[in-house]
Amino acid sequence: TKTAEGLEPMREMKQIFIPPARQQAFGVTYGEAKILPLTRSINAPLRLEPDPAGLTEVSIKAGGGFIVSMDVGFPGQEVKKGDRLVTVLSEGWIEAQQDYLRAFRESRRYTIENKNAVFNNLQAILNRNRQRIRLWDLNEDQIRDLEKLATESSELDVNLARKIKNNLEILSPIDGYVLEKNAVVGMRFESGQRLFLLAPRRPLWALHPYPRKMPLAFALVI
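Note that the structure is a prediction, hence the values are computed from the model and not measured.

Draft legend 1. Quick look at the sheet that holds strand β8 (residues 188–189). Ordered in space as β6-β5-β3-β8, the 4 strands form an open sheet in which the pairing is antiparallel. The open sheet has two edge strands with one neighbour each: β6 (168–171) and β8. Taken together, the 2 bridges between strand β3 (residues 65–70) and β8 define a ladder with antiparallel strand orientation. From the neighbouring strand, G65 faces β8, where its bridge partner is F189.

Written out as structure tokens, the structure is:
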């Protein structure tokens with residue numbers, strides 16, 4: 001066992017001489033001492049994926065139908081909130097509009113006349129129809145257009161059927177890009193069937209392609 005006394009002679013040694021042949025065998029090299037930053041770049045393969053929490057599925061939950069026209073051409077296409085994605089002809093869409101127009105018109109009429117149990121009942125009917133109409137994934141502007149149509153028309157308006165839209169435009173609910181496209185013109189779809197999967201631009205997850213070796217991931221905002 002080495003002791004402090006045994007190490008003392010080593011502290012008194014000023015230099016150690018190693019023959020040049022031994023230095024060559026060790027691979028000893030010489031250079032001028034400099035102050036340099038100790039950094040190193042490492043290149044590693046990574047896979048960028050969208051944040052799963054931001055993925056948005058686009059489907060029509062109120063009924064099936066047919067694809068009339070497409071505004072999305074390919075996966076990866078950039079879209080903005082409110083952009084038209086697809087136009088569809090869906091069973092029940094015309095009836096849903098008529099029910100909502102009727103409920104909204106009746107509610108407005110009783111609001112002007114008086115507020116009583118009849119009005120409260122009509123208001124409850126309007127709220128139910130509003131929830132039903134939202135199953136078609138309408139945004140607030142589309143709902144206001146329906147209410148404007150109800151305000152400007154009457155039950156005796158013979159042109160009301162022409163003013164009601166036969167086709168339904170599905171608009172993008174977010175800013176981002178199309179991650180998945182499952183629709184083509186003329187295709188029939190069922191209620192709840194995924195037509196598109198949208199992803200936000202950021203944040204992105206940088207994932208190692210070999211999860212067994214590196215199971216961790218980190219968020220990369222670009």
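Draft legend 2. Local environment of the nonpolar core. If you look at the biggest cluster of nonpolar residues, it comprises 33 residues, and the most contacted ones within it are I67, L85, I133, W136, L138 and F196. Sorting the residues of this core by element identifies β5 (84–90), α3 (93–113), α4 (117–134), α5 (140–152), β6 and β9 (194–199) as the ones contributing at least two each. Ranked by residues supplied to this core, first place goes to α3 with 6 residues. With residues near it in sequence (within four places) discarded, L85 still touches V58, M70, D71, V72, V79, I170, L171, S172, F196 and L198.

Draft legend 3. A look at the layout of surface pockets. By volume, the largest pocket is sized at about 290 Å³. Considering the residues around the largest pocket, the lining is formed by 14 residues, among which W93, Q97, Q142, D145 and K165 are closest to the centre. Among the elements of the structure, α3, α5 and β6 are those that each provide at least two residues to the lining of the largest pocket. Of the residues assigned to the lining of the largest pocket, the class counts are 6 nonpolar, 4 polar and 4 charged. Of the pockets and cavities examined, the second largest pocket occupies roughly 210 Å³. Around the second largest pocket, the lining comprises 14 residues; the ones closest to its centre are D137, N139, L171, S172 and P173. At the level of elements, β2 (56–59) and β6 are the ones that each hand at least two residues to the lining of the second largest pocket. With 3 residues, the single largest contributor to the lining of the second largest pocket is β2.

Draft legend 4. Focus on α5. Taking 1.5 Å per residue as the helical rise, α5 with its 13 residues ought to reach 18 Å, and the 18 Å between its terminal C-alpha atoms agrees with that figure. For α5, the set of buried residues is Q142, I143, L146, E147, L149 and A150. Looking down the long axis of α5, one finds its buried residues gathered within 155° of arc, a one-sided arrangement. Of the residues that open α5, the one with a side-chain oxygen 3.2 Å from the backbone nitrogen of D141 is N139.

What counts, and where the lines are drawn
Residue numbers run consecutively from 1 along every chain, following the written order of its sequence. Residue-level local features of this predicted model are given only where pLDDT is at least 70; pairs of side-chain atoms are given and counted only at 80 or more, and the full residue set underlies all totals for whole chains, interfaces and linings. Neither water nor hydrogens contribute to the side-chain values; these are computed over all heavy atoms in the structure. Two strands form a pair only when DSSP identifies at least two bridges running between them. Secondary structure elements follow DSSP: runs of H or I of four or more residues count as helices, runs of E of two or more count as strands, with numbering from the N terminus. Only buried residues count toward a nonpolar core. Its members are Ala, Val, Leu, Ile, Met, Phe, Trp, Tyr and Cys residues joined through side-chain atoms within 4.5 Å. Each residue is placed in one exposure class: buried if its accessible area under a 1.4 Å probe, protein chains only, is under 20% of its type's maximum, exposed if it is over 50%, and partly exposed if it falls in between. In what follows, a contact means two residues having at least one pair of non-hydrogen atoms within 4.5 Å. The rule is simple: put a 1 Å grid over the protein atoms alone, call a set of points where a 1.4 Å probe fits but cannot get out a cavity, call an open set with protein on both sides within 12 Å along at least five of seven lines a pocket, and count a residue as lining if it has an atom within 4 Å of a point. Grid points are joined across faces, edges and corners, and a volume is the space filled by probe spheres set on the points. Side-chain classes follow a simple rule in which Ala, Val, Leu, Ile, Met, Phe, Trp, Tyr, Cys and Pro form the nonpolar group, Asp, Glu, Lys and Arg form the charged group, and the remainder, Gly included, forms the polar group. Multiply 1.5 Å by the residue count of a helix minus one, and that product is the helix's expected span. What the arc describes is the spread of directions from the helix axis to the C-beta atoms. Identification of polar contacts relies on pairs of N or O atoms within 3.5 Å, with a donor-acceptor requirement for protein atoms, meaning one able to donate a hydrogen and the other able to accept it, and with residues adjacent in sequence counted only if both atoms are side-chain atoms.

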